[in-house]
Amino acid sequence: MDLVKAWTAAILVLGVGSIVTAGLAVSAVVSEDDLESATGTLLWTALPTFVVFALTALVSSILHPAPQRENAGRHALAVLLVPGLATLLGIVVGVVQGSPAQTTAASSVAGLLGAIPTWWLLARRRARRPSAGGYTGY
């Protein structure tokens, strides 16, 4: 059940983040030429993807409960499964729709660079914390 809670939160953040970032692009009236340029790809595709995937990893890491999160493999599964599947889905959709390769690659790399380092930094931070109850006072 601990994994389902983390995955559900990750899916919600990913969905809401995707809708918000797509809405920002539409409200900014981004043209197709803007999206196909290198700068446009980084600004309108890679950067929002990076932010959304980092937030996805952060939220799922926070919501994965304490006893189970001590198992590094289980915690990685809780935090990285949804971003990994979303990246894979993005690649498949990009290929099927015939999106430019640079757009698909930028989005995929940005998503992984948002999720994996976020998970790793949070895991390191958690590992450096002293355990409660380890000090007896003697």
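Scroll up to find the structure this text is about.
Note that this is a predicted model, so its numbers are computed, not measured.

Participant: When you look at a nonpolar patch on the surface in this model, what are you seeing that I'm missing?
Facilitator: A cluster of nonpolar side chains, contributed by Leu43, Leu47, Phe50, Val51, Leu55, Val109 and Leu113, occupies part of the molecular surface with about 600 Å² of accessible area. Put simply, the parts of the chain that give the nonpolar patch at least two residues each are helix H3 (38-63) and helix H6 (101-128). A total of 5 residues in the nonpolar patch trace back to one element, the largest contributor, which is H3. Take Val109: it is sitting in helix H6. Taking relative accessible area as the criterion, Val109 reaches 47% and is therefore assigned partly exposed.

Participant: Sorry, what's going on with the side chain of Thr118 here?
Facilitator: By the secondary structure assignment, Thr118 is in helix H6. For Thr118, a relative accessible area of 17% translates into the label buried. Excluding anything up to four places from it in sequence, Thr118 contacts Ala54, Ala57 and Leu58.

Participant: How do you make sense of the pattern of salt bridges when you look at a structure like this?
Facilitator: In total, this model carries 1 salt bridge according to the counting rule given. Between Asp2 and Arg74 there is a salt bridge, and its shortest N-O distance comes to 2.8 Å. Taken together, the residues Asp2 in helix H1 (residues 2-27) and Arg74 in helix H5 (residues 72-97) connect sequence positions 72 residues apart. Classification of Arg74 by relative accessible area gives partly exposed; the value is 32%.

Participant: What exactly am I supposed to notice about the packing of H5 against H6 here?
Facilitator: The packing of two helices is summarised by the inter-axis angle and the distance between the axes. Orientation of H5 relative to H6, taken along the N-to-C sense of each, is 175°, at an axis distance of 9 Å. One element, H5, and the other, H6, form an angle in the roughly antiparallel class. Residue-level inspection shows His75, Ala76, Val79, Leu80, Pro83, Thr87, Gly90, Ile91 and Gly94 of H5 in contact with H6, the latter providing Thr104, Ser108, Leu112, Ala115, Ile116, Trp119 and Arg126. Here the contact of H5 with H6 is built from residues that sort into 9 nonpolar, 6 polar and 1 charged.

Participant: Can you help me understand the environment of Gln97 in this one?
Facilitator: Within the secondary structure layout, Gln97 lies in helix H5. C-alpha of Gln97 to C-alpha of Glu70: the two residues are 27 residues apart in sequence and 41 Å apart in space.

Participant: Explanation requested: the nonpolar core in the structure shown.
Facilitator: Considering soluble globular proteins, one finds that nonpolar side chains tend to be buried as a cluster. Of all hydrophobic cores here, the largest spans 11 residues; its members are Ala10, Leu14, Val52, Phe53, Ala57, Ala76, Val79, Val82, Ala86, Ala115 and Trp119. Elements with a contribution of two residues or more to this core: H1, H3, H5 and H6. Take this core: its biggest share by element is 4 residues, from H5. With residues near it in sequence (within four places) discarded, Val52 still touches Val13, Leu14, Gly17, Ser18 and Thr21.

Participant: Explain a positive patch on the surface here, please?
Facilitator: Together, Arg124, Arg125, Arg128 and Arg129 give the surface a local cluster of positive charge. Within the secondary structure layout, Arg128 lies in helix H6. By relative accessible area, Arg128 is classed as exposed at 63%.

Rules and cut-offs
Residues numbered from 1 in each chain as written. Predicted model: local features only at pLDDT ≥ 70, side-chain atom pairs only at ≥ 80, totals over all residues. Heavy atoms only, no water. Patch = residues over 30% accessible without salt bridge, like charges linked within 9 Å, V, L, I, M, F, W, Y side chains within 5 Å. Areas by Shrake-Rupley, 256 points an atom, 1.4 Å probe, with all protein chains shown as cover. Salt bridge = Lys/Arg side-chain N within 4 Å of Asp/Glu carboxyl O. Helix = DSSP H or I, 4+ residues; strand = E, 2+ residues; numbered from the N terminus. Buried < 20%, exposed > 50% of the residue type's maximum accessible area, 1.4 Å probe, protein only. Contact = heavy atoms within 4.5 Å. Axes fitted to C-alpha atoms, helices over the stretch in contact; angles between N-to-C directions. Parallel < 35°, antiparallel > 145°, perpendicular 65-115°, else oblique. Nonpolar A, V, L, I, M, F, W, Y, C, P; charged D, E, K, R; others polar. Core = buried A, V, L, I, M, F, W, Y, C linked by side-chain atoms within 4.5 Å. Lys, Arg positive; Asp, Glu negative; His and termini not counted. Charge placed at Lys NZ, Arg CZ, Asp CG, Glu CD.

Purely geometric stuff here, so don't read any function into it on its own.
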